[in-house]
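Next come the chains, spelled out residue by residue.
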Amino acid sequence: MPDENFLSQVPAASALFLREEEVRRGIEYLFFGHGALWRATDARLAENGLGRAHYRALYFIARAPGLTISDLLALLGITKQSLGRVVKELEARDFLATRPGNRDRRQKELRLTAAGRAVEAAIFQPLRDAMSRAYTHAGQQAVTGFWHVNEALMTPRDRARAAKLGTEN
């Protein structure tokens, strides 16, 4: 179990925060933080016979029920073939249901089943716990700064997509 009372080893950003050494430090923290966050879910994924790609699909469909295949492709940035395998497996395991779109019957809308919502929530729990601990440790101003940095890394299109998630339920 991680030490909840650790003393941060993160040095304060200097006024020269654009120097290569400081940019590299930021990239390294992204790599290590991302890895630690996803390792928190790996056991739950394995228990359910799922991989990270499955969970990413479940997560975004949970955030935006009725998402179309093309919308999910844009969010995940993967090939149609890769997404097709994930969607078929989730459907076969009764975690996901598809139906023709309301506006365009050629499109498939994606929704989680009760089983899909339950497995997504169970896998989300360690992510939520890890982020909550990190947010608590860092404080409100640091969380806002973290959001600003990540938002600035996104393309304008991805910023718009992120802003819409969870608002259409």
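Anything mentioned here points back to the structure above.
Chemist: Sorry if this is basic, but what is going on with the environment of A74 here?
Modeler: With respect to the element layout, A74 can be found in helix α3 (residues 69-76). Given the relative accessible area of 30%, A74 is considered partly exposed. When the C-alpha atoms of A74 and R161 are compared, they prove to be 9.2 Å apart, with 87 residues separating the residues in sequence.

Chemist: Even after reading the chapter, I still don't get the pattern of salt bridges, so can you show me in this structure?
Modeler: Opposite charge on two side chains allows them to pair when their charged atoms are near. For the structure shown, the criterion picks out 7 salt bridges. Ionic pairing is found between E109 and R99, a salt bridge with its closest N-O pair at 3.4 Å. Residue E109 is found in strand β3 (residues 108-112), and its partner R99 is found in strand β2 (residues 96-100); the two are separated by 10 residues along the sequence. For R99, a relative accessible area of 35% gives the class partly exposed. What emerges from the salt-bridge pattern is a single network uniting R99, E109 and R111.

Chemist: Would you take a moment to explain a nonpolar patch on the surface for this structure?
Modeler: Taken together, the side chains of V23, I27, F31 and F32 define a hydrophobic patch exposed on the protein surface, amounting to about 440 Å² of accessible area. Along the chain, F31 falls in helix α1 (residues 20-47). Take F31: its relative accessible area is 61%, and that puts it in the exposed class.

Chemist: I'm lost on the packing of aromatic side chains in this one. Help?
Modeler: The relative placement of two aromatic rings is captured by the distance of their centres and the angle of their planes. This structure, assessed with the given rule, holds 5 aromatic pairs. Each residue in the set W38, Y55, Y59, F60 and F124 is aromatic and connected to the rest through ring pairs, giving one cluster.

Chemist: Looking at this model, I keep getting lost on the packing of helix α5 (residues 114-138) against helix α6 (residues 140-153). Mind explaining?
Modeler: A pair of packed helices is characterised by two quantities: the angle between their axes and the separation of those axes. It is the contact of α5 with α6, at a shortest axis distance of 7 Å, that shows an interaxial angle of 120°. In this structure, α5 uses M131, Y135 and A138 to contact α6, whose residues at the interface are A142, V143, F146 and W147. Grouping the constituent residues of the contact of α5 with α6 by class yields 7 nonpolar, no polar and no charged.

Chemist: Whenever I open this one, the packing of helix α2 (residues 52-63) against helix α4 (residues 80-92) confuses me. Can you help?
Modeler: Relative orientation of the contacting elements α2 and α4 amounts to 75°, with a least axis distance of 10 Å. With respect to α4, the element α2 is oriented roughly perpendicular. Touching A53, H54, A57 and L58 of α2 are V86, E89 and L90, all from α4. Of the residues that constitute the contact of α2 with α4, the class distribution is 5 nonpolar, 1 polar and 1 charged.

Chemist: What am I meant to see in the pairing of β3 here?
Modeler: Sheet faces and side chains relate simply in a regular strand, where the side chains alternate between the two faces. Pairing geometry for strand β1 (residues 67-68) and β3, over 2 bridges, is antiparallel. Bridge assignment links T68 to a residue of β3, and that residue is E109. Bridge count for β2 against β3 is 5 bridges, and the pairing is antiparallel. Bridging from a neighbouring strand, T98 pairs with L110 of β3.

Chemist: What is the right way to look at the sheet that holds β2 in this model?
Modeler: Adjacent strands of a sheet form backbone hydrogen bonds with each other and so pair up, either parallel or antiparallel. Spatially, 3 strands are ordered β1-β3-β2 in an open sheet, and the strand pairing comes out antiparallel. The strands lining the two open edges of the sheet, one partner per strand, are β1 and β2. Contacting β1, β2 and β3, α2 crosses the sheet at an angle of about 95° to β3.

Chemist: Looking at this model, I keep getting lost on α1. Mind explaining?
Modeler: Quick reminder: α-helices carry 3.6 residues per turn. Residues three or four places apart thus point the same way. With 28 residues, α1 should reach 40 Å at 1.5 Å per residue; the first-to-last C-alpha distance of 41 Å fits that figure. Largest kink in α1: about 35°, centred on T41. Restricting attention to buried positions, one finds in α1 the residues E22, G35, W38, T41 and L45. Summarising the contacts, the buried residues of α1 are in contact with α2 and α5. Just downstream of α1, G49 is the residue with a positive phi angle, here 65°.

The rules behind these values
- Residues numbered from 1 in each chain as written.
- Predicted model: local features only at pLDDT ≥ 70, side-chain atom pairs only at ≥ 80, totals over all residues.
- Heavy atoms only, no water.
- Helix = DSSP H or I, 4+ residues; strand = E, 2+ residues; numbered from the N terminus.
- Buried < 20%, exposed > 50% of the residue type's maximum accessible area, 1.4 Å probe, protein only.
- Salt bridge = Lys/Arg side-chain N within 4 Å of Asp/Glu carboxyl O.
- Patch = residues over 30% accessible without salt bridge, like charges linked within 9 Å, V, L, I, M, F, W, Y side chains within 5 Å.
- Areas by Shrake-Rupley, 256 points an atom, 1.4 Å probe, with all protein chains shown as cover.
- Phe/Tyr/Trp six-rings, centres within 6.5 Å; stacked < 30°, edge-to-face > 60°.
- Axes fitted to C-alpha atoms, helices over the stretch in contact; angles between N-to-C directions.
- Contact = heavy atoms within 4.5 Å.
- Nonpolar A, V, L, I, M, F, W, Y, C, P; charged D, E, K, R; others polar.
- Parallel < 35°, antiparallel > 145°, perpendicular 65-115°, else oblique.
- Pairing = 2+ DSSP bridges.
- Expected span 1.5 Å × (residues − 1).
- Bend = angle between axes of the 7 residues up to and from the residue.

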